[in-house]
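This is what each chain is made of:
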Amino acid sequence: MKKISEPIVFFGSGPVAAESLRLLAQDFEIEAVITKPRPPHHKGDVPVLNLAEQFNLAPYTAANKKELDGLLAKVSFKSQLGVLIDFGIIISQKVIDFFPKGIINSHFSLLPEWRGADPITFSILSGQEQTGVSLMFLVEKMDEGPLLAQAKQELPPDITTPELTKRLIHLSRSLLVDNVPKYLNGITRAFPQGDTPATYSRKLTKEDGIIDWHKPAAQIEREIRAFIEWPKSRTTLGGKEIIITKAYVAASTASQVKPGDISVIQETGLIAVATSDGSLCIERLKPSGKREMSTREFLSGYKL
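Residues numbered from 1 in each chain as written. Predicted model: local features only at pLDDT ≥ 70, side-chain atom pairs only at ≥ 80, totals over all residues. Heavy atoms only, no water.

Trainee: Go over the overall build of the protein chain, please, and point to the residues and values.
Mentor: Secondary structure summary: the protein chain contains eight helices and 13 strands in total. Residues classed as buried in the protein chain amount to 48% of the 304 residues present. Within the protein chain, contacts between residues separated by at least 24 positions form 64% of all contacts whose residues are at least 6 apart in sequence. With the model as given, the accessible surface of the protein chain reaches about 15700 Å², and the carbon-plus-sulfur share is 51%. (Helix = DSSP H or I, 4+ residues; strand = E, 2+ residues; numbered from the N terminus. Buried < 20%, exposed > 50% of the residue type's maximum accessible area, 1.4 Å probe, protein only. Contact = heavy atoms within 4.5 Å. Areas by Shrake-Rupley, 256 points an atom, 1.4 Å probe, with all protein chains shown as cover.)

Trainee: How would you explain the nonpolar core if you had to name every residue and give the values?
Mentor: Grouped together as the largest cluster of nonpolar side chains are 47 residues, with contacts concentrated most on Ile30 and Leu176. For this core, the leading source of residues is helix α6 (residues 161-184), giving nine residues. Leucine 176 has contacts with Leu24, Phe28, Val83, Ile85, Ile104, Ser106, Leu135 and Pro181, leaving out every residue within four places of it along the chain. Of all hydrophobic cores here, the second largest spans 22 residues; its members include Ile34, Phe87, Phe99 and Leu111. (Core = buried A, V, L, I, M, F, W, Y, C linked by side-chain atoms within 4.5 Å.)

Trainee: Just give me the short version of helix α2 (residues 47-54), but keep the residues and values in it.
Mentor: An α-helical turn contains 3.6 residues, so a residue and the one three or four places further along point in the same direction. Every buried residue of α2 is listed here: Val48, Leu49, Leu51 and Ala52. Within α2, the buried residues cover an arc of 165 degrees as seen down the axis, which keeps them to one side. Seen from the buried face of α2, the exposed residues on the opposite side, beyond 90 degrees, are Glu53 and Gln54. Structurally, α2 contributes buried residues whose contacts are with α1 (15-24), β2 (28-35) and β3 (58-61). Following α2 by one or two positions, asparagine 56 adopts a phi angle in the positive range, close to 55 degrees. (Arc of directions from axis to C-beta.)

Trainee: Would you mind going over the pairing of strand β9 (residues 240-250) in detail, with residue names and values included?
Mentor: Here strand β8 (residues 233-237) runs beside β9; their pairing, made up of five bridges, is antiparallel. Bridging across to β9, serine 233 finds its partner in isoleucine 244. Linking two consecutive strands that pair antiparallel, namely β8 and β9, is a turn of two residues; a positive phi of about 55 degrees is found at glycine 238 within it. Pairing between β9 and strand β12 (residues 279-287): eight bridges, direction antiparallel. When the bridges of β12 are listed, isoleucine 242 appears paired with proline 287. (Pairing = 2+ DSSP bridges.)

Here is the structure:
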């Protein structure tokens, strides 16, 4: 497949960046890859650096905003455009101005919805029916730049963060392949984000994974799907710490129950936990230090 002729500089550091780079290297002439350096004492893979080496791309590293400013002051690229995905470093106006055509950030939401650090997780947590990808030109204010293009992605009611991430990575690739050449050739131009009130995501903490049974069952079920990789949805059953990996919502049938009350559904062998609104029926879980298992398996080995 013929690559898009004009070169770009790719900015990215995280796992989403790595998979995006793997795909975009098939479509674009990537002059250089700018990423975070290998962390001290880190012995595992550094996916973006590894891919840069695999595709014979020139890797450059910067650990923070100051180092990035210094790097761009020293190097000379012929690329008119930068593309940024999952980078994790604030970009200064100096760096943006380095590229005559700007820097496009492929952001995984329908901006101005879910600006910020974790739009994918928050689109699941909110219970919305669709999300998408926005190609946004970087400005100094966070995620407030004008848009080049947007595309929507439906959210099935059972989708998890890893599944949604994979779909959005492929949608991002398609958007970039379709729209970057049009922009570079002057066929399309940027447009404002519009007047829809902005919403904001944030970085999750480990404490976000602790289940609060005073929340509605529907919200807890969304958390389980959203937190499946990290921070994981954690609670205690029968004195045993567990991670819930799959569950569904049911109406509460017992009277005089309070949030956190546990019962076993004899017909299905599932565990039901009362919440502030409805019950959460646990299908699969992972006890601390053990493999993931069905609730029936768990009940055969542990007493509640």
